[in-house]
There are 2 protein chains.
Amino acid sequence: MLTYSLSDTGADSLYLYLYKCIKNDILNGILPSGTKLPSKRSFAKNLGVSNITVESSYGLLQSEGYIFSLPKRGFYVSDIAFAAVPRAKDGENPKPRTAPAGCFAADTAPGGNALQDTPSAACPRTVPQSAECTALPPVFADFVTNHTTPESFPFSIWAKLLRETISQKSDELMAAPPCGGIFELRSAICAHLKQFRGMEICPEQVIVGAGTDYLYTMLILLLGRDKIYAVENPGYTKIEKVYRSHGVDCRFVGMDACGIKIEDLNAQDADIVHISPSHHYPTGIVTPVSRRYELLGWAAARPLRYIIEDDYDSEFRFAAHPMPTLQSIDAAEKVIYMNTFTKSLASTIRISYMVLPPHLLSRFYAELSFYSGTVSNFEQYTLAKFIRGGYFEKHINRMRNYYRCVRDTLLAEIGNSPLASCSKIAEESAGLHFILRINTTLPENELMARVKRQGLRISCLSEYYHIKETAAAGNAKKPGGFIHTHALVMNYSGIRREDIKEAVRRLSKCVLAGQQRPFDDT
Amino acid sequence: MLTYSLSDTGADSLYLYLYKCIKNDILNGILPSGTKLPSKRSFAKNLGVSNITVESSYGLLQSEGYIFSLPKRGFYVSDIAFAAVPRAKDGENPKPRTAPAGCFAADTAPGGNALQDTPSAACPRTVPQSAECTALPPVFADFVTNHTTPESFPFSIWAKLLRETISQKSDELMAAPPCGGIFELRSAICAHLKQFRGMEICPEQVIVGAGTDYLYTMLILLLGRDKIYAVENPGYTKIEKVYRSHGVDCRFVGMDACGIKIEDLNAQDADIVHISPSHHYPTGIVTPVSRRYELLGWAAARPLRYIIEDDYDSEFRFAAHPMPTLQSIDAAEKVIYMNTFTKSLASTIRISYMVLPPHLLSRFYAELSFYSGTVSNFEQYTLAKFIRGGYFEKHINRMRNYYRCVRDTLLAEIGNSPLASCSKIAEESAGLHFILRINTTLPENELMARVKRQGLRISCLSEYYHIKETAAAGNAKKPGGFIHTHALVMNYSGIRREDIKEAVRRLSKCVLAGQQRPFDDT
């Protein structure tokens, strides 16, 4: 039976420690999906703890989607494992899935990727990983997940504003929220965008929705399913998935050092381009003004061309003068601006918004406003108060300082480590990640396997390319100038400061296994 | 300039009274969409009130979407008017819309139905109305809108559970909600469905989403855009709109006294049928067991056929034995069950759910679980506590008693009025509305115009038919046995008990204008 030593749980309570042990084993593939967990009673007896302890751990694991229960059958590991754990070695057969019987016996669907849920950590933009499947240590530091810590969320203010909303707005709370959002929130967003991004818009142009995925869907309905949508390569794979799930033609367009390439947009015959010019993920590229005007020119060349500008982490810019948005220099109503509070405030706040150019706005109202609003009035009014009361600005400033501090500590540790002589840091002035390029004779897959064995969760740039073959074609410079192998994407928003020193030590250890040389850009 | 007498505002504060006056004029078409409202200052001066009063009224109107503002230009009436107000008389030109300049000058889009929002009242299932456009009295009683009153929502309990959630779940609140919803809520829904609907399902089968519209979208992606979707005729027009906005083939299928007609489903070559067998809106038909098995048989005849069972107001059944759901007698995994808390709890709670049969569930996870969850963890945990704590059951019981009382009062008043001798009540044992069939020589449009002039907002059955011409073809019995002209749809969930007597008096007055005769069913 599964056994853990619970003699030293550190600061954690027993149940939390047990939860972490099991979760780690699931994430590391030691407990593959479909594995039946011990019954609560026998597990408790075996571990020498109370039934309640096991029950609490299982409950938490279940609520986060790591495990699930079948009536009268017990608890099983979810398919989340497939997303987050290493695959079997080439040549080895992957472990057969123990398909739980009962409820899911009827699974005859294609794909067959049964019963998987997307828990918090892996959900937003999961990175495929490849390495061997041997026992791995628990994840010590996670440089992949963007996770907000509870300490960073102003719970007491949020709770206070929620109370105020309930006591002041009982009438309004009982009404269905309008399709585009309640006026107070749209107007607060408007004021925020004016102050922080210099954008001059009316509240009516702001359309609020439950997450960007939902708004993407609305945009597909608005702009047309018959259009050709272009997404960045490399880029978030999720955006393409949303488009493809709607059956629209979605094409990959290459990047150079200035952002998405206009000639490729033309070559792909794109109608709509979906970009993040302020801070591209994962390369960190900030599209300069010249390219921005080229993009606007591209869009202006045909009546039905549009640019979707995803400004998802613009709040966390450390440079002095953040680049103005495409929306604010768009004279021809070609830009749809998007942003989200999910990233800037907390993952739990499912509130995103888009700013429609006026002529699209009237079409939106005429054609799509029969859709009910997706965000509850409770949260809309509370968020409106949060912004209007200046709390959002304070929160952003506090988080920006915090992240800057984490970044600086991380950069300093890297600078003082053996990595300094064989690595190069890029795109560190914006967003919540940077690129660490490493010059080593180790093949990329070997490097990444070592990283994992050191208990580090890090993705590399090549994983974000649509066509993996090209991306993996050695340590060669891409035409646009970006080397994307041996380039680690260092997402530091979820890293605790006290863990940085040790994480860098472990990373250095991985690299020192091969021969290194100073980084040479030519 | 617009002027109102504010000398007798009753129990209302000045600003609320002013808000109501303006809102009424907008709803009645006296202030058509696009009308510029007086500036706050001049309006305040004219009315002899403070600027703050006008500002507050405008603010409330704006927050509900009745008016909107353009920077430096002032306030305008929204296009909501089109949905809720009478059109111009036949032969008369409709009033030209005063298109606001500025922000919307660039409106060149087709449809041209600029800047309309869908405020609470009119949003969910708006009924088109037709009558002459003359000055109309304020709406005295609204038999169209399903509106929850603030008194009926357990604010203090909700607030308490929200506080508990914030203090107990700070870790979980910071995580992104999983695509299908948090486990606690799905498990609570599961227990609720077992207790109230005798359904035996696992929590994993429950998929939570921000409103039924969102879930319909997910279902289209899951079941396929290439399928033929069938909706009920008559029925909610919105369901068809969602399907059409996704560009899928959506067909209307006729009803008889037992529900949707199987032979028409076959004739239309439908793959997916979207029905509300427990209580059809607006006819109130409850599909009997025999037809239910016929429907399951229809679905079983082809592998890709499915039934979407919308059980939207099953909580408010007054009869002793509520009909079991299709889902619970479905042995072949053909039924997708849907329900919503928006209707049973409050319009502001944007939480709906669907129950997927196991084989579809695994496809859902494999193909669509990359979509982020749409309901915030705050509300998911709070609702889970609300259900688990027994508060939902209490709320349902309280509301059922309340609605039963409203219904009984209304039926008694009708029974004691002149309506008794020329009307017939149908389908009063379920849901929150019944059908009042009136036998009069007045043409239906004349009757409905009188109703409106009496300050009553009532829709009639013929408005819910897809093909209006057939529906309006006189007072003839339809093949299925349902007479649908002169059939008023009496939605009583938004009616205050103290207004019932007067509302029935006014309705009687409308009817007495024509010649009546006792209702003859043959």
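Residues numbered from 1 in each chain as written. Chains lettered and ligands numbered in written order. Predicted model: local features only at pLDDT ≥ 70, side-chain atom pairs only at ≥ 80, totals over all residues. Heavy atoms only, no water.

Engineer: For this particular structure, what's the right way to read the overall build of chain A?
Structural biologist: Per the secondary structure count, chain A includes 18 helices and 16 strands. Expressed as a percentage of the 522 residues in chain A, the buried residues total 62%. For chain A, the accessible surface area stands at approximately 19,000 Å², while carbon and sulfur atoms represent 52% of it. (Helix = DSSP H or I, 4+ residues; strand = E, 2+ residues; numbered from the N terminus. Buried < 20%, exposed > 50% of the residue type's maximum accessible area, 1.4 Å probe, protein only. Areas by Shrake-Rupley, 256 points an atom, 1.4 Å probe, with all protein chains shown as cover.)

Engineer: Could you clarify how one ought to interpret the pattern of salt bridges in this entry?
Structural biologist: When the charged atoms of two side chains lie near each other, side chains of opposite charge can form a pair. Taken as a whole and judged by the stated rule, the model has 42 salt bridges over all chains. For Arg302(A), the salt bridge goes to Asp269(A), with nearest N and O atoms at 3.5 Å. On the criterion of sequence distance, the pair formed by Arg302(A) in the loop between helix H11 (289–300) and strand S9 (306–310) and Asp269(A) in the loop between helix H10 (262–267) and strand S8 (272–275) is long-range, its members being 33 residues apart. Close ionic contact of Arg453(B) with Glu446(B) constitutes a salt bridge, the shortest N to O distance being 4.0 Å. (Salt bridge = Lys/Arg side-chain N within 4 Å of Asp/Glu carboxyl O.)

Engineer: Whenever I open this one, unusual backbone geometry confuses me. Can you help?
Structural biologist: Most of the time, phi is negative for any residue but glycine, and the peptide bond is trans. The omega torsion across Asn233(A) and Pro234(A) is 5°, close enough to zero to call that bond cis. If you trace the backbone, Pro234(A) turns up in the loop between strand S5 (228–233) and helix H9 (237–245). Backbone geometry at Glu333(A) places phi at a positive 55°, although glycine is not the residue there. Along the chain, the position of Glu333(A) falls in the loop between S9 and strand S10 (335–340). A positive phi angle, close to 60°, is found at Asp269(B), a residue other than glycine.

Engineer: How should I be thinking about the sheet that holds strand S8 (residues 272–275) of chain B in this particular structure?
Structural biologist: Pairing between sheet strands relies on hydrogen bonds along the backbone, with the strands arranged either parallel or antiparallel. All names here are of chain B. What the 8 strands build is an open sheet, ordered S4-S11-S10-S9-S8-S5-S6-S7; its pairing is mixed. Of all the strands in the sheet, just strand S4 (206–209) and strand S7 (259–260) have a single pairing partner and so form its edges. Bridging between strand S10 (residues 335–340) and strand S11 (residues 352–355) involves 4 bridges; their strand directions are antiparallel. If you follow tyrosine 337 over to S11, its bridge partner there is valine 355. In this fold helix H9 (residues 237–245) packs onto strand S5 (228–233), strand S6 (249–256), S8 and strand S9 (306–310), with an angle of close to 160° to the strand it touches most, S6. (Pairing = 2+ DSSP bridges. Contact = heavy atoms within 4.5 Å. Axes fitted to C-alpha atoms, helices over the stretch in contact; angles between N-to-C directions.)

Engineer: How do you make sense of the relation of the copies chain A and chain B when you look at a structure like this?
Structural biologist: Each of the two chain copies goes to the other by way of a rotation about an axis and a shift along it. Superposition record for chain A on chain B: RMSD 0.1 Å, screw rotation 180°, translation along axis 0.0 Å. Given the turn and translation reported, the copies of this chain are related as if by a two-fold rotation axis. Comparing contact sets, 100% of the residues at the interface of chain A also lie at the interface in chain B, consistent with an isologous, same-surface contact. (Least-squares fit on C-alpha atoms with pLDDT ≥ 70 in both.)

Engineer: Is there a simple way to think about the interface of chain A and chain B in this case?
Structural biologist: You'll often see interface size given as the accessible area lost when the parts meet. Counting residues at the interface gives 87 residues for chain A and 90 residues for chain B. Inspection of the chain A/chain B interface yields 0 salt bridges. Linking chain A to chain B there are 18 residue pairs in polar contact (both at pLDDT 80 or more). Per element, the largest residue contribution to the side of chain A that touches chain B is 8 residues, and it comes from helix H13 (residues 358–368) of chain A. Within the side of chain A that touches chain B, the residues separate by chemical class into 44 nonpolar, 27 polar and 16 charged. (Polar contact = N/O pair within 3.5 Å; in protein donor to acceptor, adjacent residues only side chain to side chain. Nonpolar A, V, L, I, M, F, W, Y, C, P; charged D, E, K, R; others polar.)

Engineer: What's the story with the sheet that holds strand S6 (residues 249–256) of chain A in this structure? I'm lost.
Structural biologist: Residues and elements named next belong to chain A. The strand order S4-S11-S10-S9-S8-S5-S6-S7 describes an open sheet built from 8 strands, whose pairing is mixed. Edge positions in the open sheet fall to strand S4 (206–209) and strand S7 (259–260), since each of these has one partner strand only. Both S4 and strand S11 (residues 352–355) contribute to a ladder of 4 bridges, which runs antiparallel. Among the inter-strand pairings, glycine 209 is bridged to a residue of S11, identified as serine 352.

Engineer: Any chance you could explain helix H14 (residues 377–388) of chain A here in plain terms?
Structural biologist: The α-helix advances 3.6 residues per turn, and as a result positions three or four apart in sequence lie on the same side. Residues and elements named next belong to chain A. Here H14 contains 12 residues, and its C-alpha end-to-end distance of 16 Å stays within 8% of the 16 Å for a straight helix at 1.5 Å per residue. In terms of residue burial, H14 counts as a mostly covered element, since 11 of its 12 residues are buried. Immediately beyond the C-terminal end of H14, within one or two residues, lies glycine 390, with a positive phi of roughly 85°. (Expected span 1.5 Å × (residues − 1).)

Engineer: Looking at this structure, how should I read the packing of aromatic side chains?
Structural biologist: To describe a pair of aromatic rings, one takes the distance between the centres and the angle between the planes. Taken as a whole, this structure holds 44 aromatic pairs over all chains when the rule is applied. Ring geometry for Phe434(A) against Tyr492(A): centres 5.9 Å apart, planes inclined by 35°, an arrangement best described as tilted. Of this pair, Phe434(A) sits in strand S13 (residues 433–438) while Tyr492(A) sits in the loop between strand S16 (487–491) and helix H18 (500–511); the two residues are 58 residues apart in sequence, bridging distant segments of the chain. Following the ring pairs from residue to residue traces out a cluster consisting of Phe153(A), Phe155(A), Trp158(A), Tyr337(A), Phe341(A), Tyr353(A), Phe386(A), Tyr391(A), Phe392(A) and Phe378(B). (Phe/Tyr/Trp six-rings, centres within 6.5 Å; stacked < 30°, edge-to-face > 60°.)

Engineer: Teacher, can you tell me more about the nonpolar core here?
Structural biologist: Membership of the largest hydrophobic core comes to 139 residues, with the highest contact counts inside it found for Phe341(A) and Phe341(B). The greatest single-element share of this core, amounting to 9 residues, is contributed by helix H15 (residues 391–415) of chain A. Residues contacting Phe341(A), with those up to four places away along its chain left out, are Ile189(A), Ala346(A), Ile349(A), Ile351(A), Tyr353(A), Leu383(A), Ile387(A) and Phe392(A). One finds Met218(A), Tyr371(A), Phe252(B) and Ile336(B) within the second-largest nonpolar core, a separate group that totals 86 residues. (Core = buried A, V, L, I, M, F, W, Y, C linked by side-chain atoms within 4.5 Å.)

Engineer: What should I look at first to understand the pairing of S13(A) in this one?
Structural biologist: Looking down a regular strand, the side chains alternate between one sheet face and the other. Residue and element names in this part refer to chain A. Counting buried positions over the 6 residues of S13 gives 6, a clear majority of the element. The two faces of S13 match: His433, Ile435 and Arg437 on one face and Phe434, Leu436 and Ile438 on the other face are all buried. Where strand S12 (residues 423–426) and S13 come together, 4 bridges link them in antiparallel fashion. Pairing of lysine 424 across the sheet is with arginine 437, part of S13.

Engineer: Before we go on, may I ask you to explain helix H8 (residues 212–223) of chain A in this structure?
Structural biologist: All names here are of chain A. With 12 residues, H8 should cover 16 Å at 1.5 Å per step; its first-to-last C-alpha distance of 16 Å lies within 8% of that length. Most of H8 is tucked away: 12 of the 12 residues are buried. Residues of H8 that are buried include every one of Thr212, Asp213, Tyr214, Leu215, Tyr216, Thr217, Met218, Leu219, Ile220, Leu221, Leu222 and Leu223, and no others. Glycine 224 sits one or two positions beyond H8 and adopts a positive phi of about 115°.

Engineer: Hey, could you run me through the side chain of His246(A) in this one?
Structural biologist: As for its position among the elements, His246(A) is in the loop between H9 and S6. With a relative accessible area of 1%, His246(A) lands in the buried category. Looking at His246(A), its side chain comes within polar contact range of the side chain of Tyr371(B), at 3.3 Å. In this structure, His246(A) is in contact with Thr217(A), Ile220(A), Arg225(A), Thr217(B), Leu221(B), Arg225(B), His246(B) and Tyr371(B), ignoring residues within four places of it in sequence.

Engineer: Which parts of the structure should I look at to understand the packing of helix H5 (residues 155–168) of chain A against H14(A)?
Structural biologist: Packed helix pairs are characterised by how far apart their axes lie and by the angle those axes make with each other. Residues and elements named next belong to chain A. Contact geometry for H5 and H14: axes closest at 9 Å, N-to-C directions at 120°. Overall, the two elements H5 and H14 adopt an arrangement that is oblique. Here H5 runs over H14; the crossing is right-handed. Here Ile157, Trp158, Leu161, Leu162, Glu164, Thr165, Ile166 and Gln168 of H5 lie close against H14, whose contacting residues are Phe378, Tyr381, Thr382, Leu383, Lys385 and Phe386. Among the residues making up the contact of H5 with H14, the classes are represented as 9 nonpolar, 3 polar and 2 charged. (Parallel < 35°, antiparallel > 145°, perpendicular 65-115°, else oblique. Left-handed = near helix turned anticlockwise from the far one by under 90°.)

Engineer: Honestly, the confidence of the model for chain A in this entry has me stumped. Any pointers?
Structural biologist: Should the pLDDT be low somewhere, the predicted coordinates at that spot are not to be read in detail. Residue and element names in this part refer to chain A. On average, residues of chain A score 81 in pLDDT, and 82% of them reach the 70 mark or higher. For the stretch residues 81–134, pLDDT sits under 50, and the model shows 122 contacts to residues farther than four places along the chain or on other chains. Taken together, the stretch residues 468–481 has pLDDT below 50 and engages in 23 contacts with residues farther than four places along the chain or on a different chain. (pLDDT = per-residue confidence, 0-100.)

Engineer: Can you walk me through the environment of Lys261(B) in this structure?
Structural biologist: Residue and element names in this part refer to chain B. In this structure, lysine 261 sits in the loop between S7 and helix H10 (262–267). For lysine 261, a relative accessible area of 17% puts it in the buried group. When the C-alpha positions of lysine 261 and cysteine 202 are compared, they lie 32 Å apart, and in sequence the two are 59 residues distant. Setting aside its immediate chain neighbours within four residues, lysine 261 contacts Val253, Gly254, Met255, Asp256 and Arg291.

Engineer: What's the story with the packing of H5(A) against helix H5 (residues 155–168) of chain B in this structure? I'm lost.
Structural biologist: In the contact formed by H5(A) and H5(B), the axes pass within 11 Å of each other and the chain directions differ by 175°. With respect to each other, H5(A) and H5(B) are oriented roughly antiparallel. Contact residues: H5(A) offers Phe155(A), Ala159(A), Leu162(A), Arg163(A) and Ile166(A), while H5(B) offers Phe155(B), Ala159(B), Leu162(B), Arg163(B) and Ile166(B). The class makeup of the residues in the contact of H5(A) with H5(B) is 8 nonpolar, no polar and 2 charged.

Engineer: How should the environment of Ser152(A) be read in this particular structure?
Structural biologist: Residues and elements named next belong to chain A. Mapped onto the secondary structure, serine 152 falls in the loop between strand S3 (141–142) and H5. With relative accessibility at 6%, the residue serine 152 sits in the buried group. Contact partners of serine 152, with chain neighbours within four places excluded, come to His395, Arg398 and Met399.

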